[in-house]
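Survey of secondary and tertiary structure
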Amino acid sequence: MSPPIAPVGWSRWLVPPAALSIHLSIGQAYAWSVFKPPLEEALGLSGTQSALPFQLGIVMLGLSAAFGGTLVERRGPRWAMTVALVCFSSGFLLSALGAATQQFWLIVLGYGFVGGIGLGIGYISPVSTLIGWFPDRPGMATGIAIMGFGGGALIASPWSAQMLESFGGDNSGIALAFLVHGLAYAVFMLLGVVLVRVPRPRAEERADGRPATPDGPQVSARQALRTPQFWLLWVVLCMNVTAGIGILEKAAPMITDFFADTSTPVSVTASAGFVALLSAANMAGRIGWSSASDLIGRKNIYRVYLGAGTLMYALIALVGSSSKPLFVLCALVILSFYGGGFATIPAYLKDLFGTYQVGAIHGRLLTAWSTAGVLGPLIVNWIADRQEEAGKHGADLYGRSLLIMMALLAVGFVANELVRPVHPSHHLDAVTAQKGAPRARRQRAESA
(Lines give C-alpha, C1' and ligand atoms only; values in the text may rest on other atoms or scores of the structure.)
Protein backbone atom coordinates (compact mmCIF):
# COMPACT_ATOMS: atom_id res chain seq x y z
CA MET A 1 0.00 0.00 0.00
CA SER A 2 1.91 3.03 -1.28
CA PRO A 3 0.70 6.60 -1.76
CA PRO A 4 0.10 7.90 -5.26
CA ILE A 5 2.86 10.02 -6.74
CA ALA A 6 1.90 13.68 -6.53
CA PRO A 7 0.54 15.01 -9.84
CA VAL A 8 2.14 17.97 -11.59
CA GLY A 9 1.14 21.16 -9.80
CA TRP A 10 0.50 19.44 -6.47
CA SER A 11 1.21 21.84 -3.60
CA ARG A 12 3.73 20.58 -1.12
CA TRP A 13 1.82 22.45 1.60
CA LEU A 14 -0.90 19.77 1.45
CA VAL A 15 1.51 17.16 2.86
CA PRO A 16 2.05 18.60 6.38
CA PRO A 17 -1.69 18.38 7.23
CA ALA A 18 -1.57 14.66 6.41
CA ALA A 19 1.33 14.22 8.82
CA LEU A 20 -0.40 16.37 11.43
CA SER A 21 -3.50 14.16 11.48
CA ILE A 22 -1.30 11.24 12.52
CA HIS A 23 0.88 13.10 14.98
CA LEU A 24 -1.98 14.95 16.68
CA SER A 25 -3.58 11.58 17.33
CA ILE A 26 -0.59 9.65 18.63
CA GLY A 27 0.41 12.71 20.65
CA GLN A 28 -2.33 11.66 23.07
CA ALA A 29 0.44 9.71 24.80
CA TYR A 30 1.52 12.96 26.45
CA ALA A 31 -1.86 13.22 28.21
CA TRP A 32 -1.36 9.90 30.02
CA SER A 33 -0.86 11.66 33.37
CA VAL A 34 -4.57 12.58 33.33
CA PHE A 35 -5.41 8.86 33.59
CA LYS A 36 -2.88 8.13 36.35
CA PRO A 37 -4.87 9.28 39.44
CA PRO A 38 -8.17 7.55 38.49
CA LEU A 39 -6.33 4.35 37.53
CA GLU A 40 -4.42 4.36 40.81
CA GLU A 41 -7.66 4.79 42.76
CA ALA A 42 -9.79 2.37 40.75
CA LEU A 43 -7.22 -0.43 40.50
CA GLY A 44 -5.13 0.20 43.63
CA LEU A 45 -1.90 1.06 41.79
CA SER A 46 1.18 2.96 42.89
CA GLY A 47 2.56 5.89 40.92
CA THR A 48 5.30 3.69 39.51
CA GLN A 49 2.79 1.03 38.42
CA SER A 50 0.40 3.49 36.79
CA ALA A 51 3.31 4.78 34.67
CA LEU A 52 3.94 1.32 33.14
CA PRO A 53 1.59 1.66 30.11
CA PHE A 54 3.19 4.99 29.21
CA GLN A 55 6.72 3.71 29.73
CA LEU A 56 6.15 0.57 27.65
CA GLY A 57 4.49 2.69 24.96
CA ILE A 58 7.60 4.86 24.66
CA VAL A 59 9.86 1.78 24.67
CA MET A 60 7.83 0.24 21.85
CA LEU A 61 7.83 3.57 20.02
CA GLY A 62 11.62 3.49 19.82
CA LEU A 63 11.89 -0.21 19.05
CA SER A 64 9.21 -0.25 16.36
CA ALA A 65 10.71 2.88 14.78
CA ALA A 66 14.16 1.30 14.80
CA PHE A 67 13.16 -2.08 13.38
CA GLY A 68 10.47 -0.70 11.08
CA GLY A 69 12.36 2.31 9.75
CA THR A 70 13.75 0.58 6.66
CA LEU A 71 10.36 -1.02 5.96
CA VAL A 72 8.68 2.39 6.18
CA GLU A 73 11.23 3.79 3.71
CA ARG A 74 10.55 0.90 1.33
CA ARG A 75 6.74 0.76 1.52
CA GLY A 76 6.05 4.46 1.90
CA PRO A 77 4.12 6.70 4.28
CA ARG A 78 0.61 5.49 3.41
CA TRP A 79 1.41 1.93 4.47
CA ALA A 80 3.06 3.23 7.64
CA MET A 81 0.13 5.49 8.52
CA THR A 82 -2.30 2.60 8.06
CA VAL A 83 -0.28 0.36 10.38
CA ALA A 84 -0.13 3.19 12.92
CA LEU A 85 -3.91 3.67 12.75
CA VAL A 86 -4.67 -0.02 13.32
CA CYS A 87 -2.21 -0.48 16.19
CA PHE A 88 -2.91 2.78 18.00
CA SER A 89 -6.69 2.39 17.91
CA SER A 90 -6.52 -1.31 18.79
CA GLY A 91 -4.39 -0.43 21.79
CA PHE A 92 -7.16 1.75 23.18
CA LEU A 93 -9.78 -0.95 22.58
CA LEU A 94 -7.69 -3.51 24.46
CA SER A 95 -7.17 -0.99 27.26
CA ALA A 96 -10.93 -0.44 27.44
CA LEU A 97 -11.39 -4.17 27.91
CA GLY A 98 -8.70 -4.22 30.59
CA ALA A 99 -10.28 -1.35 32.52
CA ALA A 100 -13.77 -2.87 32.27
CA THR A 101 -12.54 -6.23 33.62
CA GLN A 102 -10.07 -4.63 36.08
CA GLN A 103 -7.17 -6.44 34.42
CA PHE A 104 -4.32 -3.94 34.49
CA TRP A 105 -2.06 -6.20 32.41
CA LEU A 106 -4.47 -5.75 29.48
CA ILE A 107 -4.06 -1.97 29.74
CA VAL A 108 -0.28 -2.39 29.75
CA LEU A 109 -0.49 -4.75 26.76
CA GLY A 110 -2.96 -2.62 24.82
CA TYR A 111 -1.82 0.94 25.46
CA GLY A 112 1.84 0.08 26.02
CA PHE A 113 2.73 -2.74 23.63
CA VAL A 114 0.19 -2.64 20.77
CA GLY A 115 -0.43 1.11 20.94
CA GLY A 116 3.31 1.73 21.30
CA ILE A 117 3.95 0.05 17.95
CA GLY A 118 1.43 2.46 16.45
CA LEU A 119 3.29 5.34 18.10
CA GLY A 120 6.64 4.36 16.57
CA ILE A 121 5.48 3.60 13.04
CA GLY A 122 3.21 6.65 13.00
CA TYR A 123 5.93 8.94 14.33
CA ILE A 124 8.44 8.21 11.57
CA SER A 125 5.88 7.72 8.78
CA PRO A 126 6.10 11.25 7.29
CA VAL A 127 9.72 12.23 8.06
CA SER A 128 11.58 11.33 4.85
CA THR A 129 8.56 12.39 2.76
CA LEU A 130 8.53 15.85 4.34
CA ILE A 131 12.29 16.28 3.93
CA GLY A 132 11.86 15.26 0.27
CA TRP A 133 9.22 17.96 -0.20
CA PHE A 134 11.12 20.64 1.77
CA PRO A 135 14.87 20.15 1.12
CA ASP A 136 15.36 23.89 1.57
CA ARG A 137 13.78 24.06 5.05
CA PRO A 138 14.00 20.62 6.66
CA GLY A 139 13.85 21.93 10.22
CA MET A 140 10.63 23.83 9.58
CA ALA A 141 9.07 20.96 7.62
CA THR A 142 9.65 18.29 10.23
CA GLY A 143 8.74 20.79 12.94
CA ILE A 144 5.31 21.38 11.40
CA ALA A 145 4.49 17.68 11.50
CA ILE A 146 6.20 16.70 14.71
CA MET A 147 4.62 19.62 16.56
CA GLY A 148 1.42 17.61 16.25
CA PHE A 149 2.86 14.93 18.51
CA GLY A 150 3.62 17.57 21.12
CA GLY A 151 0.24 19.24 20.66
CA GLY A 152 -1.79 16.06 20.86
CA ALA A 153 -2.18 16.40 24.62
CA LEU A 154 -3.46 19.95 24.17
CA ILE A 155 -6.58 18.31 22.77
CA ALA A 156 -6.48 15.01 24.62
CA SER A 157 -5.87 16.33 28.13
CA PRO A 158 -9.04 18.45 28.60
CA TRP A 159 -11.00 16.01 26.44
CA SER A 160 -9.93 13.05 28.59
CA ALA A 161 -10.56 14.97 31.82
CA GLN A 162 -14.05 15.89 30.65
CA MET A 163 -14.86 12.30 29.71
CA LEU A 164 -13.66 11.01 33.08
CA GLU A 165 -15.81 13.63 34.77
CA SER A 166 -18.84 12.67 32.68
CA PHE A 167 -18.37 8.90 32.67
CA GLY A 168 -16.91 8.65 36.16
CA GLY A 169 -13.44 7.85 37.47
CA ASP A 170 -14.19 4.22 38.29
CA ASN A 171 -13.10 1.31 36.10
CA SER A 172 -16.22 1.42 33.90
CA GLY A 173 -15.84 5.17 33.28
CA ILE A 174 -12.16 4.74 32.39
CA ALA A 175 -13.09 1.87 30.03
CA LEU A 176 -15.65 4.01 28.22
CA ALA A 177 -13.15 6.85 27.87
CA PHE A 178 -10.60 4.47 26.33
CA LEU A 179 -13.24 3.14 23.93
CA VAL A 180 -14.19 6.62 22.70
CA HIS A 181 -10.51 7.48 22.22
CA GLY A 182 -9.88 4.41 20.10
CA LEU A 183 -12.81 5.01 17.75
CA ALA A 184 -12.34 8.77 17.40
CA TYR A 185 -8.63 8.56 16.66
CA ALA A 186 -9.19 5.88 14.02
CA VAL A 187 -11.42 8.27 12.06
CA PHE A 188 -9.05 11.22 12.42
CA MET A 189 -5.94 9.27 11.44
CA LEU A 190 -7.71 8.04 8.32
CA LEU A 191 -7.48 11.60 6.96
CA GLY A 192 -3.69 11.32 6.85
CA VAL A 193 -3.85 7.98 5.05
CA VAL A 194 -6.04 9.52 2.34
CA LEU A 195 -4.15 12.82 1.96
CA VAL A 196 -0.48 11.79 1.89
CA ARG A 197 1.51 12.03 -1.36
CA VAL A 198 5.19 11.51 -2.25
CA PRO A 199 7.28 13.79 -4.50
CA ARG A 200 7.66 12.99 -8.16
CA PRO A 201 10.95 11.37 -9.28
CA ARG A 202 13.53 13.67 -10.80
CA ALA A 203 12.73 12.43 -14.29
CA GLU A 204 9.31 13.99 -13.76
CA GLU A 205 10.22 17.39 -12.36
CA ARG A 206 8.13 18.54 -9.40
CA ALA A 207 5.89 21.51 -9.91
CA ASP A 208 7.97 23.70 -7.58
CA GLY A 209 11.11 22.80 -9.51
CA ARG A 210 12.98 21.29 -6.59
CA PRO A 211 14.91 18.05 -7.22
CA ALA A 212 13.79 14.89 -5.44
CA THR A 213 17.17 13.13 -5.57
CA PRO A 214 19.75 13.41 -2.79
CA ASP A 215 22.21 16.31 -2.76
CA GLY A 216 25.53 16.38 -0.90
CA PRO A 217 27.21 13.54 1.03
CA GLN A 218 24.97 10.51 1.64
CA VAL A 219 25.33 7.80 4.29
CA SER A 220 23.32 4.57 4.46
CA ALA A 221 21.45 3.60 7.62
CA ARG A 222 23.76 0.63 8.19
CA GLN A 223 26.88 2.74 7.81
CA ALA A 224 25.49 5.50 10.03
CA LEU A 225 25.50 3.09 12.97
CA ARG A 226 29.27 2.79 12.56
CA THR A 227 29.91 6.50 12.99
CA PRO A 228 30.58 8.29 16.30
CA GLN A 229 28.19 11.04 15.18
CA PHE A 230 25.19 8.71 15.36
CA TRP A 231 25.96 7.63 18.91
CA LEU A 232 26.75 11.14 20.08
CA LEU A 233 23.36 12.26 18.78
CA TRP A 234 21.85 9.21 20.49
CA VAL A 235 23.21 10.47 23.81
CA VAL A 236 22.07 14.04 23.08
CA LEU A 237 18.51 12.94 22.30
CA CYS A 238 18.36 10.50 25.23
CA MET A 239 19.47 13.09 27.77
CA ASN A 240 17.18 15.82 26.45
CA VAL A 241 14.17 13.49 26.35
CA THR A 242 14.82 12.00 29.80
CA ALA A 243 14.89 15.48 31.32
CA GLY A 244 11.63 16.50 29.67
CA ILE A 245 9.63 13.29 29.85
CA GLY A 246 10.15 12.96 33.59
CA ILE A 247 8.12 16.14 34.14
CA LEU A 248 5.62 15.44 31.39
CA GLU A 249 4.62 11.96 32.53
CA LYS A 250 3.96 13.14 36.10
CA ALA A 251 2.90 16.70 35.32
CA ALA A 252 -0.55 16.67 36.93
CA PRO A 253 0.43 15.11 40.28
CA MET A 254 3.74 17.01 40.37
CA ILE A 255 2.25 20.49 40.31
CA THR A 256 -0.36 19.35 42.85
CA ASP A 257 2.36 18.08 45.20
CA PHE A 258 4.58 21.17 44.79
CA PHE A 259 1.86 23.50 46.09
CA ALA A 260 -0.16 21.14 48.32
CA ASP A 261 1.13 22.79 51.51
CA THR A 262 0.66 26.37 50.33
CA SER A 263 -2.28 28.76 50.64
CA THR A 264 -3.08 28.25 46.96
CA PRO A 265 -3.23 24.48 46.30
CA VAL A 266 -3.75 23.26 42.74
CA SER A 267 -7.11 21.64 41.93
CA VAL A 268 -7.60 18.60 39.72
CA THR A 269 -9.03 20.79 36.96
CA ALA A 270 -6.11 23.21 37.20
CA SER A 271 -3.60 20.36 37.07
CA ALA A 272 -5.22 19.11 33.86
CA GLY A 273 -4.94 22.64 32.52
CA PHE A 274 -1.24 22.62 33.40
CA VAL A 275 -0.81 19.44 31.34
CA ALA A 276 -2.51 21.21 28.43
CA LEU A 277 -0.18 24.21 28.83
CA LEU A 278 2.85 21.93 28.77
CA SER A 279 1.48 20.38 25.60
CA ALA A 280 1.14 23.83 24.03
CA ALA A 281 4.76 24.64 24.95
CA ASN A 282 5.86 21.26 23.61
CA MET A 283 4.03 21.96 20.36
CA ALA A 284 5.25 25.56 20.01
CA GLY A 285 8.82 24.48 20.66
CA ARG A 286 8.68 21.91 17.90
CA ILE A 287 7.85 24.41 15.19
CA GLY A 288 9.53 27.49 16.72
CA TRP A 289 12.90 26.08 17.76
CA SER A 290 13.20 23.74 14.75
CA SER A 291 12.54 26.65 12.38
CA ALA A 292 15.17 28.67 14.25
CA SER A 293 17.64 25.83 13.69
CA ASP A 294 17.40 26.47 9.93
CA LEU A 295 18.85 29.92 10.67
CA ILE A 296 21.40 29.36 13.46
CA GLY A 297 22.30 25.70 12.91
CA ARG A 298 21.43 22.43 14.66
CA LYS A 299 24.43 22.36 16.97
CA ASN A 300 23.76 25.86 18.25
CA ILE A 301 20.10 25.18 18.90
CA TYR A 302 20.97 22.09 20.94
CA ARG A 303 23.32 24.24 22.98
CA VAL A 304 20.25 26.28 23.88
CA TYR A 305 18.12 23.22 24.69
CA LEU A 306 20.69 21.60 26.95
CA GLY A 307 22.33 24.65 28.52
CA ALA A 308 19.26 26.76 29.22
CA GLY A 309 17.34 23.61 30.19
CA THR A 310 19.82 22.99 33.00
CA LEU A 311 19.23 26.54 34.25
CA MET A 312 15.44 26.04 34.24
CA TYR A 313 15.75 22.89 36.33
CA ALA A 314 18.01 24.71 38.78
CA LEU A 315 15.41 27.46 39.23
CA ILE A 316 12.64 24.91 39.89
CA ALA A 317 14.81 23.10 42.43
CA LEU A 318 15.82 26.29 44.26
CA VAL A 319 12.73 28.52 44.24
CA GLY A 320 10.03 26.70 42.25
CA SER A 321 7.89 25.81 45.28
CA SER A 322 7.74 29.44 46.44
CA SER A 323 6.37 30.85 43.18
CA LYS A 324 3.70 29.18 41.11
CA PRO A 325 4.25 31.46 38.05
CA LEU A 326 8.00 30.72 38.11
CA PHE A 327 7.39 26.98 38.39
CA VAL A 328 4.97 27.04 35.45
CA LEU A 329 7.23 29.28 33.34
CA CYS A 330 10.30 27.08 33.87
CA ALA A 331 8.33 23.93 33.11
CA LEU A 332 6.98 25.49 29.91
CA VAL A 333 10.49 26.44 28.75
CA ILE A 334 11.81 22.94 29.53
CA LEU A 335 8.97 21.36 27.55
CA SER A 336 9.54 23.73 24.62
CA PHE A 337 13.17 22.54 24.52
CA TYR A 338 12.01 18.95 24.83
CA GLY A 339 9.70 19.34 21.85
CA GLY A 340 12.22 21.34 19.87
CA GLY A 341 14.79 18.58 20.34
CA PHE A 342 12.48 16.04 18.75
CA ALA A 343 11.63 18.27 15.80
CA THR A 344 15.23 19.31 15.14
CA ILE A 345 16.82 15.86 15.24
CA PRO A 346 15.64 14.73 11.75
CA ALA A 347 17.19 17.86 10.23
CA TYR A 348 20.37 17.31 12.26
CA LEU A 349 20.53 13.78 10.84
CA LYS A 350 19.93 15.10 7.34
CA ASP A 351 22.81 17.59 7.73
CA LEU A 352 25.19 14.85 8.86
CA PHE A 353 24.06 11.80 6.88
CA GLY A 354 22.13 13.21 3.89
CA THR A 355 18.63 12.27 2.73
CA TYR A 356 19.43 8.83 1.27
CA GLN A 357 18.00 6.82 4.20
CA VAL A 358 17.28 9.55 6.71
CA GLY A 359 13.96 8.00 7.75
CA ALA A 360 15.59 4.69 8.61
CA ILE A 361 18.43 6.44 10.46
CA HIS A 362 15.87 8.50 12.38
CA GLY A 363 14.01 5.33 13.32
CA ARG A 364 17.16 3.76 14.73
CA LEU A 365 18.00 6.90 16.68
CA LEU A 366 14.61 6.79 18.39
CA THR A 367 15.84 3.88 20.51
CA ALA A 368 17.23 6.76 22.57
CA TRP A 369 13.61 7.77 23.17
CA SER A 370 12.82 4.21 24.31
CA THR A 371 15.61 4.39 26.86
CA ALA A 372 14.53 7.84 28.01
CA GLY A 373 10.92 6.69 28.22
CA VAL A 374 11.99 4.25 30.92
CA LEU A 375 14.59 6.44 32.65
CA GLY A 376 12.62 9.68 32.97
CA PRO A 377 9.42 8.35 34.58
CA LEU A 378 11.36 5.75 36.59
CA ILE A 379 13.67 8.38 38.10
CA VAL A 380 10.84 10.74 39.03
CA ASN A 381 8.28 8.13 40.18
CA TRP A 382 10.70 5.84 42.04
CA ILE A 383 12.38 8.67 43.94
CA ALA A 384 8.99 10.27 44.75
CA ASP A 385 7.67 6.95 46.06
CA ARG A 386 10.76 6.42 48.22
CA GLN A 387 10.66 9.97 49.57
CA GLU A 388 6.99 9.57 50.44
CA GLU A 389 7.76 6.34 52.31
CA ALA A 390 10.39 8.29 54.24
CA GLY A 391 7.70 10.73 55.40
CA LYS A 392 8.48 13.60 53.05
CA HIS A 393 5.85 15.47 51.06
CA GLY A 394 5.31 18.40 48.72
CA ALA A 395 8.27 19.69 46.72
CA ASP A 396 10.65 17.52 48.77
CA LEU A 397 9.41 14.51 46.80
CA TYR A 398 11.19 15.79 43.67
CA GLY A 399 14.40 17.51 44.83
CA ARG A 400 16.75 14.64 44.01
CA SER A 401 15.05 14.00 40.67
CA LEU A 402 15.65 17.60 39.59
CA LEU A 403 19.36 17.37 40.41
CA ILE A 404 19.66 14.17 38.36
CA MET A 405 17.95 15.85 35.40
CA MET A 406 20.44 18.72 35.55
CA ALA A 407 23.34 16.26 35.45
CA LEU A 408 21.85 14.41 32.46
CA LEU A 409 21.44 17.65 30.51
CA ALA A 410 25.10 18.48 31.19
CA VAL A 411 26.11 15.10 29.74
CA GLY A 412 24.02 15.82 26.64
CA PHE A 413 25.65 19.24 26.27
CA VAL A 414 29.13 17.69 26.21
CA ALA A 415 28.03 15.05 23.66
CA ASN A 416 26.66 17.76 21.36
CA GLU A 417 29.96 19.64 21.54
CA LEU A 418 31.79 16.53 20.30
CA VAL A 419 29.70 16.20 17.10
CA ARG A 420 31.74 16.74 13.91
CA PRO A 421 30.99 16.19 10.17
CA VAL A 422 30.92 12.53 9.12
CA HIS A 423 34.23 11.30 7.70
CA PRO A 424 34.13 10.82 3.88
CA SER A 425 35.00 7.14 4.29
CA HIS A 426 31.40 6.56 5.41
CA HIS A 427 29.86 8.33 2.40
CA LEU A 428 28.16 6.49 -0.46
CA ASP A 429 29.60 7.08 -3.90
CA ALA A 430 27.62 9.49 -6.07
CA VAL A 431 26.30 6.78 -8.41
CA THR A 432 24.88 4.65 -5.59
CA ALA A 433 23.30 7.67 -3.88
CA GLN A 434 21.67 8.84 -7.10
CA LYS A 435 20.35 5.39 -8.00
CA GLY A 436 19.10 4.38 -4.57
CA ALA A 437 16.39 6.96 -3.90
CA PRO A 438 14.80 6.97 -7.38
CA ARG A 439 14.74 3.15 -7.36
CA ALA A 440 12.87 3.16 -4.06
CA ARG A 441 10.39 5.69 -5.39
CA ARG A 442 9.87 3.65 -8.58
CA GLN A 443 9.05 0.60 -6.49
CA ARG A 444 6.49 2.57 -4.54
CA ALA A 445 4.98 3.98 -7.72
CA GLU A 446 4.69 0.54 -9.32
CA SER A 447 2.92 -0.88 -6.29
CA ALA A 448 0.51 2.07 -5.99
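An account of the accompanying structure is given in this report.

The rules behind the values
- Residues numbered from 1 in each chain as written.
- Predicted model: local features only at pLDDT ≥ 70, side-chain atom pairs only at ≥ 80, totals over all residues.
- Heavy atoms only, no water.
- Helix = DSSP H or I, 4+ residues; strand = E, 2+ residues; numbered from the N terminus.
- Rg over C-alpha atoms; globule rule 2.2 N^0.38 Å.
- Buried < 20%, exposed > 50% of the residue type's maximum accessible area, 1.4 Å probe, protein only.
- Contact = heavy atoms within 4.5 Å.
- Patch = residues over 30% accessible without salt bridge, like charges linked within 9 Å, V, L, I, M, F, W, Y side chains within 5 Å.
- Areas by Shrake-Rupley, 256 points an atom, 1.4 Å probe, with all protein chains shown as cover.
- Salt bridge = Lys/Arg side-chain N within 4 Å of Asp/Glu carboxyl O.
- Axes fitted to C-alpha atoms, helices over the stretch in contact; angles between N-to-C directions.
- Parallel < 35°, antiparallel > 145°, perpendicular 65-115°, else oblique.
- Left-handed = near helix turned anticlockwise from the far one by under 90°.
- Nonpolar A, V, L, I, M, F, W, Y, C, P; charged D, E, K, R; others polar.
- Phe/Tyr/Trp six-rings, centres within 6.5 Å; stacked < 30°, edge-to-face > 60°.
- Polar contact = N/O pair within 3.5 Å; in protein donor to acceptor, adjacent residues only side chain to side chain.
- Expected span 1.5 Å × (residues − 1).

Helix and strand counts for the protein chain come out as 19 helices and zero strands. Taking 448 residues into account, the globule formula puts the C-alpha radius of gyration at 22 Å, and the protein chain, at 21 Å, falls close to it. Classification of the 448 residues of the protein chain by burial places 58% in the buried group. Long-range pairs, those at least 24 residues apart, make up 85% of the contacts in the protein chain with a sequence separation of at least 6.

A few words on a nonpolar patch on the surface. Residues Leu-93, Phe-167, Leu-176, Leu-179 and Leu-183 make up a contiguous nonpolar surface patch of about 400 Å² in total accessible area. Looking at the nonpolar patch element by element, the count peaks at three residues for helix H9 (residues 171-195). If you trace the backbone, Phe-167 turns up in helix H8 (residues 138-167).

Okay, the packing of helix H14 (residues 298-319) against helix H15 (residues 324-353) next. Where H14 meets H15, the closest approach of the two axes is 9 Å, and the angle between their N-to-C directions is 160 degrees. Between H14 and H15, the angle is such that the two are roughly antiparallel. The handedness of the crossing between H14 and H15 comes out as left-handed. Looking at the contact of H14 with H15, its residues break down into 20 nonpolar, four polar and three charged.

The next subject is the environment of Leu-365. On the secondary structure map, Leu-365 appears in helix H16 (residues 358-365). C-alpha of Leu-365 to C-alpha of Pro-37: the two residues are 328 residues apart in sequence and 32 Å apart in space. With residues up to four places along the chain from it excluded, the contact list for Leu-365 reads Phe-230, Leu-233, Trp-234, Leu-237, Ile-345 and Leu-349.

Going through the model one piece at a time under the given rule, you end up with seven salt bridges. Arg-12 is paired through a salt bridge with Asp-136; the nearest N and O atoms lie 3.2 Å apart. Remark: Asp-136 occurs in the loop between helix H7 (127-133) and H8 and Arg-12 occurs in the segment before helix H1 (15-26); sequence separation between them is 124 residues. On the basis of relative accessible area, Arg-12 is assigned to the buried category, the value being 9%. Linked by salt bridges that have partners in common, Arg-12, Asp-136 and Arg-137 make up one network.

We now examine the packing of aromatic side chains. Per the stated rule, a full pass over the model turns up 28 aromatic pairs. On the numbers, 5.4 Å between centres and 55 degrees between planes, the contact of Trp-289 with Phe-337 is tilted. Remark: Phe-337 occurs in helix H15 and Trp-289 occurs in helix H13 (residues 268-296); sequence separation between them is 48 residues. The class of Trp-289 is partly exposed, set by a relative accessible area of 28%. Aromatic pair Tyr-305 and Phe-337: ring centres 5.9 Å apart, planes at 45 degrees, arrangement tilted.

What follows deals with the side chain of Thr-142. One can find Thr-142 in helix H8. For Thr-142, the side chain forms a polar contact with the main-chain oxygen of Pro-138, separated by 2.9 Å. Within the structure, the side chain of Thr-142 is placed 3.4 Å from the backbone oxygen of Gly-139, a separation counted as a polar contact. Residues contacting Thr-142, with those up to four places away along its chain left out, are Ile-131, Ala-343 and Pro-346.

Bringing H14 into the picture now. Between its terminal C-alpha atoms H14 stretches 31 Å, which fits the 32 Å expected from 22 residues at 1.5 Å a residue. Where H14 is concerned, the buried positions are Arg-298, Ile-301, Tyr-302, Tyr-305, Leu-306, Gly-309, Thr-310, Met-312, Tyr-313, Ala-314 and Ile-316.

The residue Phe-327 is located in helix H15 in this model. On the accessibility criterion, Phe-327 (2% relative accessible area) is buried. As a C-alpha pair, Phe-327 and Trp-10 span 317 residues in sequence and 46 Å in three-dimensional space. If we ignore the near neighbours within four places in the chain, the residues touching Phe-327 are Met-254, Ile-255, Phe-258, Phe-259, Phe-274, Ile-316 and Gly-320.

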